Amino acid sequence: MISVILINMRSPIRFEITHVCAQSGARTGILHTPHGDVETPMFMPVGTQATVKFLSPEELYALGAGVVLANTYHLWLQPGEDIVDKAGGVQKFMNYKGPMLTDSGGFQVFSLADARKISEEGVLFKNPKNGDRLFLSPEKSIQIQNAIGADIIMSFDECIPYPADYAYAKASMERTLRWAERGKNAHRKPETQALFGIVQGGDYADLRHYSAEKLVEIGFDGYAIGGTSVGEDKETMVRMVRESAELLPYDKPRYLMGVGAVNDLLEAVSMNIDMCDCVLPTRLARHGTLMTSEGRISIDKQKYSEDFRPLDPACDCYTCRNYTRAYLRHLARAKEGFGTRLLSIHNVRFLIKLMEDARQAIKEDRFLDFKNETLASMGFDQRGF
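Residues numbered from 1 in each chain as written. Predicted model: local features only at pLDDT ≥ 70, side-chain atom pairs only at ≥ 80, totals over all residues. Heavy atoms only, no water.

Asker: Lay out the pattern of salt bridges in plain terms, naming residues and giving numbers.
Answerer: Per the stated rule, a full pass over the model turns up 19 salt bridges. Ionic pairing is found between R27 and D274, a salt bridge with its closest N-O pair at 2.7 Å. Here D274 lies in the loop between helix 10 (262-270) and strand 15 (275-278) and R27 lies in strand 3 (residues 27-33), a separation of 247 residues in the sequence. A salt bridge links K363 to E39; the shortest N-O distance between them is 3.0 Å. (Salt bridge = Lys/Arg side-chain N within 4 Å of Asp/Glu carboxyl O. Helix = DSSP H or I, 4+ residues; strand = E, 2+ residues; numbered from the N terminus.)

Asker: Any details on the sheet that holds strand 6 (residues 68-70)? Residues and values, ideally.
Answerer: In spatial order, the strands read 5-15-14-13-12-11-7-6; together these 8 strands make up an open sheet with parallel pairing. Bordering the open sheet on either side are strand 5 (42-45) and strand 6, each of which pairs with just one other strand. Here the strands of the sheet are splayed against their neighbours by 30 degrees on average, with no regard to which way each runs. With 3 bridges connecting them, strand 6 and strand 7 (residues 100-102) associate as parallel partners. Considered in strand 7, the bridge of L69 is made with L101. Strand contacts of helix 6 (residues 138-148): strand 7, strand 11 (152-154) and strand 12 (194-199), with the helix running at about 165 degrees to strand 11, the strand carrying the most contacts. (Pairing = 2+ DSSP bridges. Axes fitted to C-alpha atoms, helices over the stretch in contact; angles between N-to-C directions. Contact = heavy atoms within 4.5 Å.)

Asker: Which residues make up the nonpolar core, and what are the values?
Answerer: In this structure, L256, L265, L351 and F367 are the most contacted members of the largest nonpolar core, which totals 52 residues. In terms of residues, this core owes the most to one element, helix 14 (residues 337-363), which gives 7 residues. Those residues in contact with L256 that lie beyond four places of it in its chain are I225, T228, V241, A268, I273, M275, C276 and D277. Counting residues in hydrophobic clusters, the runner-up holds 45 residues, among them V84, F125, C320 and I352. (Core = buried A, V, L, I, M, F, W, Y, C linked by side-chain atoms within 4.5 Å. Buried < 20%, exposed > 50% of the residue type's maximum accessible area, 1.4 Å probe, protein only.)

Asker: Tell me what's going on with the pairing of strand 10 (residues 133-136), and back it up with residues and numbers.
Answerer: Looking down a regular strand, the side chains alternate between one sheet face and the other. Of the two faces of strand 10, the one lined by L134 and L136 is fully buried and the one lined by R133 and F135 carries no buried residue. The pairing of strand 9 (residues 123-126) with strand 10 spans 4 bridges and is classified as antiparallel. Bridged to K126 within strand 10 is R133. Counted along the chain from strand 9 to the antiparallel partner strand 10, the turn is 6 residues long, and its residue G131 has a positive phi close to 85 degrees.

Asker: Explain the sheet that holds strand 9 to me, and be specific about the residues and the numbers.
Answerer: If you trace the 3 strands from one edge of the open sheet to the other, you get 8-9-10, paired in antiparallel fashion. Across the chains shown, the open sheet's two edge strands, defined by having one partner strand only, are strand 8 (116-118) and strand 10. If you compare each strand with its neighbour and ignore which way they point, the axes differ by 15 degrees on average.

Asker: Can you lay out the state of the cysteines for me, pointing to particular residues and giving the numbers?
Answerer: Overall, the coordinates contain 0 disulfides when judged by the stated rule. Counting only cysteine sulfurs, C317 is the nearest neighbor of C315, a cysteine outside any disulfide, at a range of 3.6 Å. C320 carries a free sulfur, and the closest cysteine sulfur to it, the one in C317, is 3.7 Å from it. For C320, a relative accessible area of 7% puts it in the buried group. (Disulfide = S-S within 2.5 Å.)

Asker: Go over the pairing of strand 5, please, and point to the residues and values.
Answerer: With burial as the criterion, each face of strand 5 is covered, one bearing M42 and M44 and the other bearing F43 and P45. When strand 5 meets strand 15, the two strands line up parallel, connected through 4 bridges. Residue pairing across strands places M44 opposite D277, the latter belonging to strand 15.

Asker: Before we move on, can you summarise the environment of R286 with the specific residues and values?
Answerer: Positionally, R286 belongs in helix 11 (residues 280-286). As for R286 and D307, which are separated by 21 residues in sequence, their C-alpha atoms are 21 Å apart. Excluding residues that lie within four positions of it along the chain, R286 makes contacts with K53, F54 and T340.

Asker: Report on the environment of R359, specifying residues and quantitative values.
Answerer: Within the element layout of this structure, R359 appears in helix 14. For R359, a relative accessible area of 11% translates into the label buried. When the C-alpha atoms of R359 and T28 are compared, they prove to be 6.1 Å apart, with 331 residues separating the residues in sequence. Setting aside anything within four residues of it in sequence, one finds R359 in contact with T28, E39, T40, P41 and M42.

Asker: Would you mind going over the packing of aromatic side chains in detail, with residue names and values included?
Answerer: Scanning all chains against the criterion turns up 10 aromatic pairs. Centroid distance Y61 to Y96: 6.0 Å. Interplanar angle 75 degrees. Geometry classified as edge-to-face. Separated by 35 residues along the polypeptide, Y61 in helix 1 (residues 57-62) and Y96 in the loop between helix 4 (90-94) and strand 7 bring together distant segments of the chain. For Y96, a relative accessible area of 2% puts it in the buried group. (Phe/Tyr/Trp six-rings, centres within 6.5 Å; stacked < 30°, edge-to-face > 60°.)

Asker: Residue-level account of the packing of helix 7 (residues 166-186) against helix 8 (residues 205-218), with values.
Answerer: In contact at an axis separation of 10 Å, helix 7 and helix 8 are set at 10 degrees when each is read in the N-to-C sense. What the angle tells us is that helix 7 and helix 8 run roughly parallel. Contacts between helix 7 and helix 8 involve Y166, A169, K170, M173, L177, A180, E181 and K184 from the former and D206, L207, Y210, S211, K214, L215 and I218 from the latter. Class assignment for the residues of the contact of helix 7 with helix 8 results in 9 nonpolar, 1 polar and 5 charged. (Parallel < 35°, antiparallel > 145°, perpendicular 65-115°, else oblique. Nonpolar A, V, L, I, M, F, W, Y, C, P; charged D, E, K, R; others polar.)

Asker: Describe the side chain of T28, and please don't skip the residues or the numbers.
Answerer: Here T28 is to be found in strand 3. The class for T28 is buried, based on a relative accessible area of 2%. At a separation of 2.8 Å, a polar atom in the side chain of T28 contacts the side chain of T18. When neighbours within four sequence positions are excluded, T28 is seen to be in contact with E16, I17, T18, H19, T40, P41, R359, I362 and K363. (Polar contact = N/O pair within 3.5 Å; in protein donor to acceptor, adjacent residues only side chain to side chain.)

Geometric descriptors of this kind do not, in isolation, establish any biological role.
Shown next as structure tokens:
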């Protein structure tokens, strides 16, 4: 058992490594933030428009959520960062009691593809709501995030598609580094909001190494790994994450962006990733797909029509304690909003509990056993496929 408290006097967050698994080298920790302490490794639900779809903030808190994400791009377009600021910040605006994180808006802007133009200064694009021309720069992204007021904010970066040729990946990564430095210089609330840099570089090891090295030289409160889960195969994704993490400071929190599949989460934990987020649990729920201790199931299948067992006997969520598979199938097929809520509650709780169980296994120095047993029970092979 170890307890290492690592302090940056200017940083609004403090990261404490509490245990390193003797079997695997995976670690547990506590992230101390202005809105409370959260244990790591953790899964962070995504509340794009200051709401996690179909769940109330009170329900999220009851499910064991720690950090919840909000989306800079969407809150900028509606209702506007000034309104969130006047409300007292995003926590008060949406009535969430715990810590929050905002992304930079870059992923959403770059996903507009043909509707945007990238330059050294930033990105010019059309507002998809009304066609207005908008411009988002590193400085503007930080300004918006300062107004929104989350505990952790992100540097403005470009998430390139996969595959991308080396020349494009290199030019994009270098521009992202320049944007990161500009964003740090524009940060006006360093005492109350932690700023993370984002490693990019596509699937090229030298670019990811260079990106991580230069971000550390600039200096951030934590570091994120971006540009994965964008179409690459699992082996490539794991290599990209490992190559990104190799040169990051051990004593700072590490955040793998946009990852929510069970096998990917457990692989991330094994590589000392502390934070992961994804829209996957609520997106799957909207389509009737559930994560369970025996693998994914599609609840609308005929075989569940007279199945009066709990959705997942191993799950402790409200849905599994109170409703049968047959009833959930009925709600899903009837397209009832209550059904989507129940399925969302289960999927979000399932991933939060997965990380709770991972933390316990690390503390008991048996994370590799836990990882292998969990993947096998869900139908994955030994490689996690």
